[in-house]
Amino acid sequence: MNMPLSKKNNVIHPEFGSFINEEVLPLHDIDPTKFWHDLDQLIEDLSPINRQLLVTRDRMQQQIDQWHLARQGQPLDMQAYEGFLREIGYLVDEGEDFSITTSNVDAEIATLAGPQLVVPVKNARFALNAANARWGSLYDAFYGTDVVPKSAGLEAHQNYNAARGELVIAKAKAFLDEVFPLETGSHQNVSSYVMYYHHLLAFFDDGSQSGLQQPCQLVAVNGQRSDPESVLLKNNGLHVEIQFDRNGQNGAKDKAHINDILIESALSTIMDCEDSVAAVDAEDKVEVYRNWLGLMQGTLEARFVKGGQVQTRRMAPDRFFTDLDNKEYRLHGRSLLLVRNVGHLMECDLMQDAQGNFVPEGIVDAVVTVLIGALDLQRTSGIRNSRTGSIYVVKPKMHGPEEVAFACQLFGRVEQMLGLPENTVKVGIMDEERRTTLNLKECIRQAKSRVFFINTGFLDRTGDEIHTSMHAGPFLPKDQIKAQPWIQAYENRNVDIGLQCGLPGKAQIGKGMWAMPDEMAAMMEAKVAHPKAGANTAWVPSPTAATLHALHYHQVNVFEVQERIKRRSTASFTDLLTIPTIPNSLTLSSKVIEREIENNVQGLLGYVVRWVEAGVGCSKVPDINNVGLMEDRATLRISSQHLANWLLHGICTKAQIDEVMQRMAMVVDEQNKGTEGYCPMMPNVESSLAFRAAQDLIFKGVIQPNGYTEPLLHAYRLRVKEVS
Ligand SMILES: CC(=O)SCCNC(=O)CCNC(=O)[C@H](O)C(C)(C)COP(=O)(O)OP(=O)(O)OC[C@H]1O[C@@H](n2cnc3c(N)ncnc32)[C@H](O)[C@@H]1OP(=O)(O)O
Ligand SMILES: O=CC(=O)O
Ligand SMILES: [Mg+2]
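Residues numbered from 1 in each chain as written. Chains lettered and ligands numbered in written order. Predicted model: local features only at pLDDT ≥ 70, side-chain atom pairs only at ≥ 80, totals over all residues.

In the nomenclature of an unreviewed UniProt entry, the protein corresponds to Malate synthase G from the organism Marinomonas transparens. Under the heading Catalytic activity (unreviewed entry), UniProt records this for the protein: "glyoxylate + acetyl-CoA + H2O = (S)-malate + CoA + H(+)". Taken directly from UniProt, the Subcellular location (unreviewed entry) text for the protein runs: "Cytoplasm". (UniProt positions renumbered as here; feature names shortened; annotations may be inferred.)

See the structure below:
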């Protein structure tokens, strides 16, 4: 297929054109001529608005920069600052109270509380794993992670370590005791479980028996009641399945023949087309869209070799049990799938307008992901996603109410174009840019009939905190930024406003990512704070993390917490406006400065080299203390902006950063040694496109739009693709 021209002389990339025409439209019975004509019209109508919004971003940023430059070295006059932000339209007036009206929302979003997994949708193997992460083995989650300490003798060998296994099983049964306590005795000592009428009976060695303290926690069974294959329990709306197998690997040794305990884990999963993927051209974008198509049709497959064996991964079917009245009890087998589109900034070669401009990628994303998402709504059996007729699109990186209004206008137009009922497309608002946080209530108002979540994306939000106030002064070291009043106010206010706008029962109030995928013991300590803060979901980086984080939602009833929070006063707006720069009273030691630079540079190089050279959008990169950190574009935005800020304010010199970059490039090369196709950055850094991208991200960080990393990453990745 040659570069086809649509009626308005828009150029459609051939790979994209044939994907839509041959793989998607036939499934819909949509006439291609009409589709491309309507898309042209949409682009013609909405691209100028999209571009204008970006001009507004730049205008406001310049005004803010000027304001700080004119007041260098002076303490921030909060009243004057707030007045100035209002004057330039960065802050808008808050209107009347209101409640959102979003309807037809699946239970996973509206009435349940549990983990939200995020996955780069470009990686089919991971994406399928994520879709299937609705159910996770508690035994595996405990065995494979540091939640059970991996001390001497207790290592998590591939070959079963029986000593570790015993601790795992004891810990899992302790969870049963905590959440599904027996009237008398402990699950640790049960020798068999049977169903008796509507009750679960646990028998002990001495012949005594006990029911559950709350008998209604038993909801269903599999197999014979006198010798069940599994029993299904429910707490805080979440299911837990105790599986029995007298011949199973664990069941054979267990006195009650418990083989495993399955936890309802990732209630929802974000299939990410944004910050965790490297999709720079039509070829990459089609890969992303094709996986989304496979997920929405239930046909996606991934074949790979693991442990020396070829495996084929597919989407899990629904799960069936028998309820207490002998009726079918059906559970969704997969996470409810949401899709994250790119933000308003991006452009891509999927289509070009008559003047040769690439069209806004967010517009194409909206059309294609909804077009594909609509296939799910036609299905009435088999692998389905939404059972309430909704398509869930997460829209990232929006700045303020005008941009949210534009996203809603776009989704409305897509619905009209595809003949979908109004408000079929639900929108997740990432509260991850400062202008959105400050105007959150007005942002929600703009989306009040389709908002299905607000979520504190604190990583991008931290990057934007730095970039917005780049000229206000040098920022504190990253760890200390997190401890300043602004972030607590941001997190609390998001919940406060979400509650005031009536989200519970209709939409999620969500919290951000756990960015240390291997530190699960630490996660178990820290992340219970999310449900306790009134969030009915929070992001996790992996299926295992989802299973573990799910335990928190058994411990905390979020909806009760939300009722309590409703009575507190809204978090401080002044705190929210307080910029986390280094106070005059604090002088950072040269050691602290050096360490901070090293840490930032190591993470930055470790991430960028894989992004630019290999197109890997999300990586686990060891930090200076050798802790593997999830790095994506948002964490890169923080580290690059932080370095740019310190350089701008003379906390460090260019020579110092240059020296650290060379040293850290060696460390990163060493870390990647043995990776097939890896191009070392050292010693010829000038010929390494990855190294040069990293330099630009730092040294040109001040002039990147809102501090975003996409423009430079994309430009360098495209150069690598051209030469390879
Ligand atoms: C600021 C933001 O926007 S945050 C949102 C964007 N970030 C994300 O989406 C992070 C998602 N997580 C990931 O991409 C990965 O977990 C990483 C890159 C952090 C780590 O990946 P790896 O180093 O390959 O992890 P690791 O080797 O420990 O585990 C790989 C296994 O876990 C699975 N896995 C890891 N993460 C995920 C995930 N998010 N979803 C599904 N499966 C996953 C893989 O499928 C693989 O299992 P398999 O061999 O059976 O297929
Ligand atoms: O998208 C999430 C974030 O933290 O940024
Ligand atoms: Mg983000």
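A. Focus on the UniProt feature "domain: Malate synthase G alpha-beta insertion" (unreviewed entry) in the protein. UniProt feature "domain: Malate synthase G alpha-beta insertion" (unreviewed entry): in the numbering of this structure it lies at residues 160-235. Between the C-alpha atoms that bound residues 160-235 the distance is 31 Å, and the span itself is 24% helix and 41% strand. (Helix = DSSP H or I, 4+ residues; strand = E, 2+ residues; numbered from the N terminus.)

B. Representation of the environment of tyrosine 708 in the model. Relative to the helices and strands, tyrosine 708 is located in the loop between helix H24 (689-699) and helix H25 (710-723). Take tyrosine 708: there are 23 C-beta atoms within 10 Å of it, and that puts it in the buried class. For the pair tyrosine 708 and glycine 463, spaced 245 residues apart in sequence, the C-alpha to C-alpha distance is 8.3 Å. Leaving out residues up to four positions away in the same chain, tyrosine 708 has contacts with Leu345 and Arg637. (Buried ≥ 20, exposed ≤ 12 C-beta atoms within 10 Å, placed from the backbone. Contact = placed C-beta atoms within 7 Å.)

C. Inspection of the sheet that holds strand S19 (residues 391-395) at higher detail. Ordered by their spatial adjacency, 8 strands build a closed barrel running S2-S11-S16-S19-S20-S21-S22-S23, and the pairing between neighbours is parallel. Recorded for the sheet is a direction-independent mean angle of 30° between the axes of neighbouring strands. Looking at chain direction, S19 and strand S20 (residues 425-430) are connected through 5 bridges and run parallel. Bridge pairing in S20 places valine 394 opposite glycine 428. Running over the sheet, helix H9 (residues 361-377) touches strand S16 (336-340), S19 and S20 and is turned about 155° from S19. (Pairing = 2+ DSSP bridges. Axes fitted to C-alpha atoms, helices over the stretch in contact; angles between N-to-C directions.)

D. Molecular detail of the pairing of strand S23 (residues 537-540). Of the two faces of S23, the one lined by Thr537 and Trp539 and the one lined by Ala538 and Val540 are each fully buried. In terms of strand pairing, strand S22 (residues 508-511) meets S23 through 2 bridges, oriented parallel. Bridge assignment links glycine 510 to a residue of S23, and that residue is threonine 537.

E. Examining the site of ligand 1 more closely. Lining the immediate surroundings of ligand 1 are 25 residues, of which Val118, Asn129, Ala130, Ser276 and Ala634 lie closest. At the level of secondary structure, the elements contributing two or more residues to the shell around ligand 1 comprise strand S2 (116-120), helix H5 (124-131) and strand S24 (619-622). Classifying every residue of the shell around ligand 1 by side-chain character gives 14 nonpolar, 5 polar and 6 charged. Each of domain 1 (78-117 + 336-577) and domain 3 (590-723) accounts for three or more of the residues forming the shell around ligand 1. (Near = placed C-beta within 6 Å. Nonpolar A, V, L, I, M, F, W, Y, C, P; charged D, E, K, R; others polar. Domains from an automatic or database assignment.)

F. Quick look at the site of ligand 2. Taken together, the residues surrounding ligand 2 are Asp275, Pro396, Met430, Glu432, Gly457, Phe458, Leu459, Asp460, Gly512, Met513 and Ala634. With 3 residues, helix H13 (residues 458-468) is the single largest residue contributor to the shell around ligand 2. Classifying every residue of the shell around ligand 2 by side-chain character gives 6 nonpolar, 2 polar and 3 charged.

G. Looking closely at the pairing of S16. Within S16, 5 of the 5 residues are buried, leaving the element largely enclosed by the surrounding structure. Side chains Leu336, Leu338 and Arg340 of S16 all project onto a buried face; the interleaved residues Leu337 and Val339 project onto the opposite face, where all are buried too. Where strand S11 (residues 268-272) meets S16, 5 bridges bridge the pair, whose relative direction is parallel. The residue bridging threonine 269 from the neighbouring strand is leucine 337, located in S16. Where S16 lies against S19, 2 bridges are found, and the strand directions are parallel. Looking across to S19, one finds that arginine 340 is bridged to valine 394.

H. Examining unusual backbone geometry more closely. Note that the residue after methionine 682, namely proline 683, is joined by a cis bond; omega there is 0°. Note that proline 683 resides in the loop between helix H23 (654-672) and H24. The phi dihedral of histidine 257 is positive, around 60°, even though this residue is not glycine. In this structure, histidine 257 sits in the loop between strand S9 (238-244) and strand S10 (258-264). Residue histidine 257 is classed as partly exposed on the basis of its C-beta count, with 19 C-beta atoms lying within 10 Å. Within the chain, asparagine 626 stands out as a residue other than glycine whose phi angle is a positive 65°. Summarising the element assignment, asparagine 626 is placed in the loop between S24 and strand S25 (628-631).

I. Structural context of the UniProt feature "modified residue: Cysteine sulfenic acid (-SOH)" (unreviewed entry) in the protein. Feature annotation in UniProt assigns "modified residue: Cysteine sulfenic acid (-SOH)" (unreviewed entry) to the following positions: Cys618. Inspection of the secondary structure assignment puts cysteine 618 in the loop between helix H21 (590-614) and S24. The residues contacting cysteine 618, other than those within four sequence positions of it, are Pro120, Ser276, Met630 and Asp632.

J. Seen up close, the domain arrangement of the protein. Domain annotation for the protein reports domain 1 (78-117 + 336-577), domain 2 (137-264) and domain 3 (590-723). Each of domain 1 and domain 2 was reduced to a C-alpha centroid, and the two centroids are 36 Å apart. Every contact between the two is made by 15 residues of domain 1 and, on the other side, 14 residues of domain 2. At the level of secondary structure, the elements contributing two or more residues to the side of domain 1 that touches domain 2 comprise helix H16 (520-526) and helix H18 (543-555). By residue number, the principal contributor to the side of domain 1 that touches domain 2 is H18, which donates 7 residues. Class assignment for the residues of the side of domain 1 that touches domain 2 results in 9 nonpolar, 6 polar and no charged.

K. Fine view of the sheet that holds strand S8 (residues 227-235). If you trace the 7 strands from one edge of the open sheet to the other, you get S3-S10-S9-S8-S7-S14-S15, paired in antiparallel fashion. Among the strands making up the open sheet, the edge pair consists of strand S3 (135-137) and strand S15 (328-331). When the angles between neighbouring strand axes are averaged without regard to direction, this sheet yields 35°. Bridge count for strand S14 (residues 319-323) against S15 is 4 bridges, and the pairing is antiparallel. Within S15, the position partnered with phenylalanine 320 by the bridge is arginine 330. Of the strands in this sheet, S3, S8, S9 and S10 are in contact with H18, which crosses S3 at around 95°.

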